Amino acid sequence: MAKKSFDSLNSIFQEEKGKLSSIVVKKYHSDYDYQNINETDKEKLVNFEEEIIINREEINKNYFKIAKDLYEANLILASYDKTNGKFIKWFESLGLKKTFVYNSIKRYSLFTIYQDEEKINKLSQKAVEILGTKKISDEIKLQVLNEKNIETISDRKLKDYVLNIISEQTEMIKKKEIKNKDRDIKIQEIRQLLDEVENKLKEKVDLEQYRKLEKIEKILRGI
């Protein structure tokens, strides 16, 4: 049968002279240790492995299409109903469960931030729940997803890693706020001093005061 298939291909595609056609078939390789299992059973089990992996990949592909449709349907119906009542009724009419729907939307929303379907699909459901929450900014989500092999670490380690990033960012924001507050206080102090200088200018200014004013003028012009 295989030979006949190749013959039919040759009848469709014309070969260039001096060149040989070659068809490379990637053979499935099992990582399981089949020691102490006879060859017949091993062959059957390896075939099962291959079929399961192929079907799993097909399921993942179809699941991602469903997740995309749910994500976009939610966006459309949200424009008609901010409470999501219409969307809930819509997916319930399809016989879909709320948990499945919203977990799918979270997974696809991560894909909109980091467009690597294979990596997003490999995230555990718990990982999707951790990263999919609205409490985490898109900036942090992108930072986490950019990490190499992040999809392979345990859910606990992922949670700790995310919390550590949030903690670091919160600390940076606090330091920035303190710095800005100090700056605002300093500006207010300078304004008060300038007001005092203005009042001095309205009075009689002696030579020493005039020289001080010249220095102040020079500093202000240099800002």
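Sorry if this is basic, but what is going on with the overall build of the chain here?
When you go through the chain residue by residue, the secondary structure sums to nine helices and zero strands. Expressed as a percentage of the 223 residues in the chain, the buried residues total 20%. By sequence separation, contacts in the chain at least 24 residues apart represent 47% of the contacts at least 6 residues apart. About 18,500 Å² of surface is accessible on the chain, with carbon and sulfur atoms providing 54% of the total.

It is not clear to me how the confidence of the model for the chain should be interpreted in this structure. Could you clarify?
Any residue range with low pLDDT should be treated as having predicted coordinates unsuitable for detailed reading. Per-residue pLDDT for the chain averages 80, and the proportion of residues at 70 or more is 86%. Ranking the helices and strands of the chain by mean pLDDT puts helix α4 (residues 98-113) first, with 93, and helix α1 (residues 2-12) last, with 37. The model gives residues 1-23 a pLDDT under 50, and that stretch makes five contacts with residues more than four places away or in other chains.

Sorry if this is basic, but what is going on with a nonpolar patch on the surface here?
Together, Ile190, Leu194, Ile216, Ile219, Leu220 and Ile223 give the surface a local cluster of nonpolar side chains, amounting to about 560 Å² of exposed area. Of all the secondary-structure elements, those providing two or more residues to the nonpolar patch are α8 (155-202) and α9 (207-221). With three residues, the single largest contributor to the nonpolar patch is α9. Here Ile190 lies in helix α8. In this structure Ile190 comes out as partly exposed when scored by relative accessible area, which is 42%.

Is there a simple way to think about the pattern of salt bridges in this case?
Side-chain pairs of opposite charge can arise where the charged atoms are in close proximity. Applying the stated criterion across every chain yields a total of three salt bridges. The salt bridge partner of Asp160 is Arg156, with a shortest N-O separation of 3.6 Å. Placement of the pair is Asp160 and Arg156 together in helix α8, with a separation of four residues, close to one helical turn. Given the relative accessible area of 36%, Asp160 is considered partly exposed. Among the residues examined, Arg156 registers a relative accessible area of 54% and is labelled exposed.

Hey, could you run me through the layout of surface pockets in this one?
Unfilled space is identified by rolling a water-sized probe across the atoms. Quantified by volume, the largest pocket comes out at close to 390 Å³. Forming the boundary of the largest pocket are 16 residues, of which Ile105, Lys106, Ser109, Gly132 and Lys134 lie nearest the centre. Sorting the residues of the lining of the largest pocket by element identifies α2 (39-78), α4 and α7 (138-145) as the ones contributing at least two each. Here the lining of the largest pocket takes six residues from α4, the largest share from any one element. For the lining of the largest pocket, the class distribution of residues is seven nonpolar, five polar and four charged.

Explanation requested: the packing of aromatic side chains in the structure shown.
Any pair of aromatic rings gets described here by the distance separating the centres and the angle formed by the planes. Inspection of every chain in the model, using the stated rule, returns 10 aromatic pairs. When the centroid spacing of 6.0 Å and the interplanar angle of 65° are considered together, the rings of Tyr63 and Phe100 count as edge-to-face. With a gap of 37 residues between them, Tyr63 in helix α2 and Phe100 in helix α4 connect regions that are remote in the sequence. On the accessibility criterion, Phe100 (32% relative accessible area) is partly exposed. Ring plane angle 90° and centroid distance 5.0 Å describe the contact between Phe64 and Phe111, whose orientation is recorded as edge-to-face. Residue Phe64 is found in helix α2, and its partner Phe111 is found in helix α4; the two are separated by 47 residues along the sequence. Exposure class is identical for Phe64 and Phe111. Each is buried.

Cut-offs used in this document
- Residues numbered from 1 in each chain as written.
- Predicted model: local features only at pLDDT ≥ 70, side-chain atom pairs only at ≥ 80, totals over all residues.
- Heavy atoms only, no water.
- Helix = DSSP H or I, 4+ residues; strand = E, 2+ residues; numbered from the N terminus.
- Buried < 20%, exposed > 50% of the residue type's maximum accessible area, 1.4 Å probe, protein only.
- Contact = heavy atoms within 4.5 Å.
- Areas by Shrake-Rupley, 256 points an atom, 1.4 Å probe, with all protein chains shown as cover.
- pLDDT = per-residue confidence, 0-100.
- Patch = residues over 30% accessible without salt bridge, like charges linked within 9 Å, V, L, I, M, F, W, Y side chains within 5 Å.
- Salt bridge = Lys/Arg side-chain N within 4 Å of Asp/Glu carboxyl O.
- 1 Å grid on protein atoms, 1.4 Å probe; cavity = no way out; pocket = protein on both sides within 12 Å on 5 of 7 lines; lining within 4 Å.
- Points joined across faces, edges and corners; volume = space filled by probe spheres on them.
- Nonpolar A, V, L, I, M, F, W, Y, C, P; charged D, E, K, R; others polar.
- Phe/Tyr/Trp six-rings, centres within 6.5 Å; stacked < 30°, edge-to-face > 60°.

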